[in-house]
Amino acid sequence: MSLVLEPPPPPLSKSKTGAPLKRCFTSIRTALSPPNHRFRASRFPLHPTSSSRPTVTVVLKTEKEKNAVTEQKDPPVRIVAVVGQGSVSPLKCTPWEEVMMHTAKRLKWVDEGYEMVVFPDNFHQSNDQTAMDLQKELACADILLVVAVTNQDSVKWIGTNSGNIPNVICFESDPGLVNKLGGSYVHSEMKGSIFDKLVGISQLKKTDETKEVVQTVLEAWDRCNSDDIRFCLLVIINAYIQPVPVLKNLRSKGFSTLNCMVKNCGPQILDCLMDPNCRKALQCLNKCSPVDQVCNYRCIASFESPKLEAFSLCVLQKNNCLDLDAKIPEKPYVQPMLKFRGKDLCHETAKDLFVGWLGSLDWSWRVVAGQNPAYDQFPCQYQLFYRGKAKGSFWYEPVFQVKTLEGELVWRRRKYRVKRANVPGTFYFSVLDNGVVSNEYWTIVDVSEDFSWGLFHYHGAARVAGQSYTGAVLVSPDGTYPKQTQNNRLSSALEKCGIKEWELYTVDNCACQDPPLGIPEGSSLHSMVDAKDQSWSSV
């Protein structure tokens, strides 16, 4: 298979005079008639409205204009998704149209300026208005995403109407559809996929960066989860349209990074390179895209060692040689549960909900399913929550299995310090994970009165590693799904998190022999309520 990237056509984003054209955009919606677009006059006039005004006033006005320009946000990014009518995704057989509509919503959590509209490919069968609506959207699109389109009429229509779009990516679709990145065509002989491998690339600057984008997008899409579908679009936005802050490049920044590492961390670097496991970790990480959390964390979990921890602690945590500063995401906002067993939730009761079954069982909870593909997909996840010896201290220790990249099953364990936040049911977590501190904000979304299941949501960031993330875990005492009678309540809890049930990974709890459980001697458990206490049910 061979691929060739051709030079881009003349820029489409400027007028004949060279002035930038305004991008049109609308709210997230399905293929409905577009609303009227209204253009607003500039808040600051270009010239004084009266020639009698003193010169100083004009100077101040000009300064305000300069400030206004510097404070302007990036222009909106327009994405159009066309999906095969009736096509089904691999995400628990959910229709692709539903998956794409949810992706449009999740893009808004990253940036309100990301606008995505979704059309099924029935426009050639329906009235002319639908085709006109799609044409109008394509006229100002930055990205066209085509998924599971095989109807030949649709293929021809898309080919005819997508020539001016700089980025066209097609998945699971007819091989006759053309792919483009940054205005350059990508020719592929691989049916249903954009790329297999890159050979013969020419006539394009930054070839290495383009290869990395191609590889990252392909690998992410093949993982078949909602996070990675959104991630594919963010990678393309970041590479060809405008910077995406959450994908700030993590690669070495040249001499400054090297100088920082050698000056501050020489012994740790040498120790890591001399240690087989640590060296494998670095080699594995070097093969990952720096913005691909799934790939990066699999490398770390597979090859973690004291040498790797010392290396990361020095290079990243203590000296921040990559000069990164990731922030904890603010969206989606998730409200904690307000009452438990008929009483207002207080801080101590909330801690008890985390402690869960510990005392009756050897663990607080077992994870049934999780939403984040990097951190929630490991098999055999046990949660241990307990109160520490020091007054007010609270701890969380997850114990989980990792199938390493070499095929070995190993147990891993982390230790989080937990502090309550202002609102009962919300907490701040912090952990030193392989030399890098991660800070997280957890919310108890819901716990059933009989402790048969719970749902916890988290926002987090590893600041100096440049990684920010969100996720959620569904838990139960034995690692099995809640009963069907709880479906409505569970769906409501997931909806509070902006999560669909088909986004969850089901955790493999089949082979969990001899987990390294146990908590420190002198720790305490429940304060207000106990999982095995059923006296509340008769009240």
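Rules used throughout
Residues numbered from 1 in each chain as written. Predicted model: local features only at pLDDT ≥ 70, side-chain atom pairs only at ≥ 80, totals over all residues. Heavy atoms only, no water. Helix = DSSP H or I, 4+ residues; strand = E, 2+ residues; numbered from the N terminus. Contact = heavy atoms within 4.5 Å. Areas by Shrake-Rupley, 256 points an atom, 1.4 Å probe, with all protein chains shown as cover. Salt bridge = Lys/Arg side-chain N within 4 Å of Asp/Glu carboxyl O. Buried < 20%, exposed > 50% of the residue type's maximum accessible area, 1.4 Å probe, protein only. Core = buried A, V, L, I, M, F, W, Y, C linked by side-chain atoms within 4.5 Å. Phe/Tyr/Trp six-rings, centres within 6.5 Å; stacked < 30°, edge-to-face > 60°. Lys NZ or Arg CZ within 6 Å of the ring centre and 35° of its normal. Expected span 1.5 Å × (residues − 1). pLDDT = per-residue confidence, 0-100. Axes fitted to C-alpha atoms, helices over the stretch in contact; angles between N-to-C directions. Parallel < 35°, antiparallel > 145°, perpendicular 65-115°, else oblique. Nonpolar A, V, L, I, M, F, W, Y, C, P; charged D, E, K, R; others polar. Disulfide = S-S within 2.5 Å. Pairing = 2+ DSSP bridges.

Caption draft 1: Quick peek at the overall build of the protein. The secondary structure content of the protein amounts to 12 helices and 18 strands. Considering only contacts in the protein between residues 6 or more positions apart, those separated by 24 or more positions represent 65%. As displayed, the protein has an accessible area near 27,000 Å², and 53% of this comes from carbon and sulfur atoms.

Caption draft 2: The arrangement of the pattern of salt bridges in detail. Tallied over the full model, the rule gives 23 salt bridges. Two residues, K92 and E501, come together in a salt bridge whose shortest N-O distance is 3.1 Å. Placement of K92 in the loop between β1 (77-83) and α2 (96-110) and of E501 in the loop between α12 (487-496) and β18 (505-506) is noted, with a sequence separation of 409 residues between them. Accessibility expressed as a relative area gives 38% for K92, which makes it partly exposed. Among the ionic contacts, a cluster of salt bridges with common partners joins K108, E112, E115 and K331.

Caption draft 3: The arrangement of the nonpolar core in detail. In this structure, F354, F429, I444 and F456 are the most contacted members of the largest nonpolar core, which totals 39 residues. With 38 residues, the next largest nonpolar core counts A104, V118, A220 and L234 among its residues.

Caption draft 4: View of the packing of aromatic side chains. Here the structure, examined in full by the defined rule, presents 28 aromatic pairs. Between W363 and Y382, the aromatic rings sit 5.3 Å apart at their centres with planes inclined by 65°, giving edge-to-face as the arrangement. Remark: Y382 occurs in strand β10 (residues 382-387) and W363 occurs in the loop between α11 (347-355) and β9 (365-370); sequence separation between them is 19 residues. Between W365 and F451, the ring centres sit 6.0 Å apart and the planes meet at 10°, which makes this aromatic pair stacked. Separated by 86 residues along the polypeptide, W365 in strand β9 and F451 in the loop between β15 (436-447) and β16 (454-462) bring together distant segments of the chain. The exposure class of W365 is buried, given its relative accessible area of 0%. Take F451: its relative accessible area is 0%, and that puts it in the buried class. One cation-aromatic arrangement involves R366 over W363; the distance from NZ or CZ to the ring centre is 5.8 Å.

Caption draft 5: Fine view of helix α6 (residues 226-240). The first and last C-alpha atoms of α6 sit 22 Å apart over 15 residues, in line with the 21 Å expected at 1.5 Å per residue. α6 sits mainly inside the fold: 12 of its 15 residues count as buried. For α6, every residue scored as buried is listed here: S226, D227, D228, I229, R230, F231, C232, L233, L234, V235, I236 and I237.

Caption draft 6: Representation of the confidence of the model for the protein within the structure. Considering every residue of the protein, the mean pLDDT works out to 82; 79% of them sit at 70 or more. Scored below 50 in pLDDT, residues 188-206 makes 50 contacts in the model with residues more than four places away or belonging to other chains.

Caption draft 7: Main features of the packing of helix α8 (residues 276-287) against helix α9 (residues 293-303). One can describe the packing of α8 onto α9 by two numbers: an axis separation of 9 Å at closest approach and a directional angle of 170°. Classified by the angle their axes make, α8 and α9 are roughly antiparallel. Of the residues in α9, those in contact with N277, K280, A281, C284 and L285 of α8 are N296, C299, I300 and F303. For the contact of α8 with α9, the per-class residue count stands at 6 nonpolar, 2 polar and 1 charged.

Caption draft 8: Geometry of the state of the cysteines. For the structure shown, the criterion picks out 6 disulfides. One disulfide in the model links C260 with C321; its S-S distance is 2.0 Å. When the S-S torsion is -70°, as for the bridge of C260 with C321, the disulfide is left-handed. Note that C260 is positioned in helix α7 (residues 255-274) and C321 in the loop between α10 (306-318) and β7 (339-340), a separation of 61 residues in sequence. Residue classification places C260 among the buried residues on the basis of a relative accessible area of 14%. Covalent S-S linkage joins C288 and C295, the inter-sulfur distance amounting to 1.9 Å. Every disulfide takes its handedness from the sign of the S-S torsion; for C288 and C295 that torsion is -75°, giving left-handed. The class of C295 is buried, set by a relative accessible area of 18%.

Caption draft 9: View of the pairing of strand β11 (residues 394-403). The buried count for β11 comes to 9 of 10 residues, which makes it a mostly enclosed element. Bridge analysis of β10 against β11 gives 6 bridges, and the strand direction is antiparallel. Bridge pairing in β11 links Q383 to P398. What sits between β10 and β11 in their antiparallel hairpin is a turn of 6 residues, with G392 showing a positive phi close to 80°. Where β11 and strand β13 (residues 416-420) come together, 3 bridges link them in antiparallel fashion. Each residue of the ladder has a partner; that of Y396, found in β13, is Y416. Note that β11 and strand β12 (residues 409-413) share 5 bridges and pair antiparallel. By the bridge assignment, V402 is partnered in β12 with V410.

Caption draft 10: Layout of the environment of C284. Along the chain, C284 turns up in helix α8. Of the residues examined, C284 reaches a relative accessible area of 12% and is grouped as buried. Residues C284 and L405, 121 residues apart in the sequence, show an inter-C-alpha distance of 9.3 Å. If we ignore the near neighbours within four places in the chain, the residues touching C284 are C299, F303 and L405.

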